[in-house]
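Read off the chains here:
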Amino acid sequence: MLSLQLSRYGVPFRTIDRLAAPSLASRAITVHSRMLEIFELMDQKLAQNFLQRGIKNKGYDLHYVNEGKRNVVKMGIDFTTTDCRYPYLLVHRQDETEQALREYWHQHFNRNAEWGMQLISVEQDTRGVISVVRNTETGAEEIIRSKYVIACDGINSQVRRCLEVEQDESNYQGTVLQNLDIRLNNFPDSNEHIHYCAGTDHFMMVAKLPGDFYRLLVSDRGESTDPDATPEENIQKLMDQHFDGVSMGERIWHSQWESWVRLAKAYRNQQIFLVGDSAHVHSTTGGQGMNCCIQDAWNLGWKLGLVESGRARAALLDTYEAERRPIAEQVIWAASSLHEIFMGHGKDISERGGQMEDAKFLKKVVGCCSGISYTYKDYIEQYPDLTPLPGPTIGDRAPDVDLETGHSLFSIIGNTKYTLLLSGTDLEIAGKGEDLAKSYAESLQCYKLGVSAAFQATYEIDQTAIMYLIRPDGYIGFRCLFSEIAALEEFLSSTLVQNIEG
Ligand SMILES: Cc1cc2nc3c(=O)[nH]c(=O)nc-3n(C[C@H](O)[C@H](O)[C@H](O)COP(=O)(O)OP(=O)(O)OC[C@H]3O[C@@H](n4cnc5c(N)ncnc54)[C@H](O)[C@@H]3O)c2cc1C
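All values derive from a computational prediction rather than experimental measurement. (Residues numbered from 1 in each chain as written. Predicted model: local features only at pLDDT ≥ 70, side-chain atom pairs only at ≥ 80, totals over all residues.)

*Asks:* Give a description of unusual backbone geometry that names residues and reports values.
*Replies:* The phi dihedral of M75 is positive, around 50°, even though this residue is not glycine. Considering the arrangement of structural elements, one finds M75 in strand β5 (residues 69-78). The exposure class of M75 is partly exposed, given the 18 C-beta atoms found within 10 Å. (Helix = DSSP H or I, 4+ residues; strand = E, 2+ residues; numbered from the N terminus. Buried ≥ 20, exposed ≤ 12 C-beta atoms within 10 Å, placed from the backbone.)

*Asks:* Would you mind going over the site of the ligand in detail, with residue names and values included?
*Replies:* Taken together, the neighbourhood of the ligand is formed by 26 residues, with A28, G154, G276, G287 and G289 sitting nearest. If you list the elements that add at least two residues to the shell around the ligand, you get β1 (16-17), β8 (117-125) and α7 (289-308). Of the residues forming the shell around the ligand, the biggest block, 4 residues, is contributed by α7. Across the shell around the ligand, the residue classes tally to 9 nonpolar, 12 polar and 5 charged. (Near = placed C-beta within 6 Å. Nonpolar A, V, L, I, M, F, W, Y, C, P; charged D, E, K, R; others polar.)

*Asks:* Explain helix α14 (residues 485-495) to me, and be specific about the residues and the numbers.
*Replies:* Taken together, the buried positions of α14 are occupied by L488, L492 and T495. Take α14 and look down its axis: the buried residues cluster within an arc of 75°, on one side only. Pointing more than 90 degrees away from the buried face of α14 are the exposed residues A486, E490 and S494. Along its buried surface, α14 packs onto α12 (427-439), β22 (466-470) and β23 (476-481). (Arc of directions from axis to C-beta. Contact = placed C-beta atoms within 7 Å.)

*Asks:* Give a detailed account of the nonpolar core, specifying residues and quantitative values.
*Replies:* Within the largest apolar cluster, 130 residues are counted, with the highest numbers of intra-cluster contacts made by L216, V275, L420 and M467. The element contributing the most residues to this core is helix α8 (residues 318-343), with 11 residues. (Core = buried A, V, L, I, M, F, W, Y, C linked by C-beta atoms within 7 Å.)

Okay, here's the thing in structure tokens:
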């Protein structure tokens, strides 16, 4: 995603990976609503490509056994309630997600990652970053000088280690997890739902993958595990507690790992940025990790793109950590809360069953996991002198709208520039908006909505003279009445670079 973003802005860069070739392992299986929105903002065909390959899944059924009795909270985590064009989670394997993005990058920009190139060390001086990179086949080392290094190098980030970035750390209690991609015979429940199944001492997730296989995610305290038995034989005992008549067939993947929580105390050290798992990791419960990582890159990418192509001021880069680190905290909250409910092994299951029926909590989880409720409004400047207005505000996600013209709002704002939306009929101000866009032509486009009932309804506009500045990532950068256009001009001049300065 970061490579794609930088290519969209025409910024020169190199992408290296120590693997000899792309990984075929599928860790994540979820592409959530906000990810699909982002793909659409980039290119509607990219979103369509994902939709064709994945399975639309409505939500999570929460099963628990208490004293041998089965209980189910159907659609406890219900993505059909998500207010957007994609009210579901898309089950789509991570290796295929990565492949789809790689192919898109290659098709549109004729670029590839340099495989078999391992970063050994980084250090910084006044001119930028010096990286030592080793060719994993020949052992040859290369010294690369660059203005920035962006660390998308995962949980064991070498870049983070070189910088000695401290992390907030905590560990889940004794959770060894296993993943199996396996054929299930006679699974009796809905393939349109993911099944989270808990007992006092175990957790099992069952999710139908595209194709013939299911993903099982299991954690237990090993008490019912026979060390001489196969994973299938041990997991069959858990399966039988929740479903009747299921048997296990061919297995194509098995892995085992430990889950913990880590959050980097800083996302930036001078010219080096941490993105994705290098900055934050947490339980896979809720399936948010990869989604959050890609959205880090989506956020940093356009900022670097505009700054490095000379169209925005360098201070824009400071907003990356300010916006994304609090989002990681919320992602960790949702993942860890669900983890405690489902993998709080030994904790009274009747108490945990109550939490599974807490509608307010579950609604909050839906907003977090889908990515739709995440907002930067509490972490960026809010301009208290502006007239207070209802509706989505500065820092909020800009919701899509089907406009009366037949266009969707996303088709208008989905490009590499800011978009100034003018909702109203004041021609004088509309002219001023267009003049502004001309003086920032490289980074700003202006769109006159006129009077759009659809836009006004979604954006809760009770009067017609309002302007919205939408950022290239589909969040609201600024919003004010027409009469407050001077404040917008000030915001623009502090953020963007005019075509001809001075
Ligand atoms: C079992 C499991 C299930 C999961 N399920 C989900 C899910 O359902 N939904 C979800 O959203 N998330 C899920 N996740 C989380 C998700 O897989 C990760 O959050 C995501 O892959 C992190 O992406 P990343 O690009 O930051 O790091 P990675 O995917 O780890 O990529 C890091 C890359 O950096 C390369 N690299 C590392 N070190 C170097 C170096 N020194 N030099 C050069 N290259 C280097 C690696 O080869 C790798 O290609 C799951 C994770 C696990 C373990």
